[in-house]
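Single-letter residue listing:
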Amino acid sequence: MRRSRTMLCLVTIGAVVAGGNATPAYAADDWGLNGTFTATSNGEWARTNDVFHDENSIRTTWTISTVCSYPTECTGTVSSDAGWTAPIYQTGGMWYVKRTVKNWEPCPDGTSADGFQVFWFQPMTPGGDAGDPTSNTLLGEDQTTGPSGACGRSLSLFINMPFKLVKQA
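Residues numbered from 1 in each chain as written. Predicted model: local features only at pLDDT ≥ 70, side-chain atom pairs only at ≥ 80, totals over all residues. Heavy atoms only, no water.

Here the focus is the overall build of the chain. Looking only at helices and strands, the chain has one helix and 10 strands in total. In the chain, the order of α-helices and β-strands from amino to carboxyl end is α-β-β-β-β-β-β-β-β-β-β. For the chain, the accessible area works out to roughly 10,600 Å², and carbon and sulfur atoms hold 56% of it. (Helix = DSSP H or I, 4+ residues; strand = E, 2+ residues; numbered from the N terminus. Areas by Shrake-Rupley, 256 points an atom, 1.4 Å probe, with all protein chains shown as cover.)

Written as structure tokens, this is what we have:
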């Protein structure tokens, strides 16, 4: 009798463990943005306070790690080879990376002001349609804003550039 109870217990525990390891119909890991990416901010189409002008284009490598609780609700971290790390999150299908850029706006008196940089982007198809979650190319904007009052000017400096993120093979 004792032996059959032990066997029943072991069979029950084995069934629970096996059931707990079953693969779901979908995997939350598939919803995230993970891997190594080439990030490009296109300075040829930069705008400062809505006026087009040239800025330096910037190309860096990002390593992104995210976890998702829902297909359009994800959080994680971006590490750039430019030496910074920032949080990344997705809401409603749009990805956001926000960070402070130290000494971003140089002032005539030799001081400088920090800038607040926001990257926003979403997956795009080769035809330019938004929202393809299987796409390895994401498009959006790189926007950096200086604080109002920096360098003795009440108007904030605002620069935005087209942004592209491409997953490396």
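Next comes the rest of the description.
Time to look at the side chain of Thr60. Within the element layout of this structure, Thr60 appears in strand 4 (residues 58–70). Among the polar contacts made by the side chain of Thr60, one reaches the side chain of Trp62 at a distance of 3.3 Å. (Polar contact = N/O pair within 3.5 Å; in protein donor to acceptor, adjacent residues only side chain to side chain.)

Attention now moves to the environment of Pro133. Take Pro133: it is sitting in the loop between strand 8 (112–123) and strand 9 (137–145). Under the relative-accessibility criterion, Pro133 is labelled exposed at 72%. (Buried < 20%, exposed > 50% of the residue type's maximum accessible area, 1.4 Å probe, protein only.)

This model, assessed by the stated rule, comprises nine aromatic pairs. A ring pair is formed by Trp62 and Phe163, whose centres lie 5.3 Å apart and whose planes are at 35 degrees; its orientation type is tilted. Placement of the pair is Trp62 in strand 4 and Phe163 in strand 10 (residues 158–167), with a sequence separation of 101 residues. Among the residues examined, Trp62 registers a relative accessible area of 1% and is labelled buried. When the centroid spacing of 5.5 Å and the interplanar angle of 40 degrees are considered together, the rings of Phe121 and Phe163 count as tilted. Here Phe121, found in strand 8, pairs with Phe163, found in strand 10; they are 42 residues apart in sequence, far enough to count as distant. Residues Phe121 and Phe163 agree in their burial class; the two are buried. Note that Lys98 overlies the ring of Tyr96, its terminal NZ or CZ placed 5.8 Å from the centroid. (Phe/Tyr/Trp six-rings, centres within 6.5 Å; stacked < 30°, edge-to-face > 60°. Lys NZ or Arg CZ within 6 Å of the ring centre and 35° of its normal.)

What follows covers the state of the cysteines. Two cysteines whose sulfur atoms are joined by a covalent bond form what is called a disulfide. Counted by the stated rule, this structure contains two disulfides. The residue that forms a disulfide with Cys68 is Cys74, at a sulfur-sulfur distance of 2.0 Å. Looking down the S-S bond of the Cys68 and Cys74 bridge, the torsion is 105 degrees, so its handedness is right-handed. The same class applies to Cys68 as to Cys74, namely buried. Across the disulfide from Cys107 sits Cys151; the S-S distance is 1.8 Å. Taking the torsion about the S-S bond as the criterion, the Cys107 to Cys151 disulfide, at about -75 degrees, is left-handed. Of this pair, Cys107 sits in the loop between strand 7 (94–106) and strand 8 while Cys151 sits in the loop between strand 9 and strand 10, placing them 44 residues apart in sequence. Here the bonded cysteines of the chain are numbered in sequence order, and their pairing is 1-2, 3-4. (Disulfide = S-S within 2.5 Å.)

Take the environment of Ile64 next. Turning to its location among the elements, Ile64 is positioned in strand 4. Taking the C-alpha atoms as reference points, Ile64 and Val78, 14 residues apart in sequence, are found 4.6 Å from one another. Look past the residues within four positions of Ile64 in its chain and what remains in contact with it is Leu33, Asn34, Gly35, Phe37, Thr77, Val78, Ile88 and Leu165. (Contact = heavy atoms within 4.5 Å.)

Two side chains of opposite charge can pair, provided their charged atoms sit close to one another. All told, the structure shown has three salt bridges when counted by the stated rule. Across the salt bridge formed by Lys102 and Asp114, the nearest N and O atoms sit 3.6 Å from each other. Remark: Asp114 occurs in strand 8 and Lys102 occurs in strand 7; sequence separation between them is 12 residues. Its relative accessible area of 61% is what places Lys102 among the exposed residues. Taking the relative accessible area as the measure of exposure, Asp114 reaches 30% and is therefore partly exposed. (Salt bridge = Lys/Arg side-chain N within 4 Å of Asp/Glu carboxyl O.)

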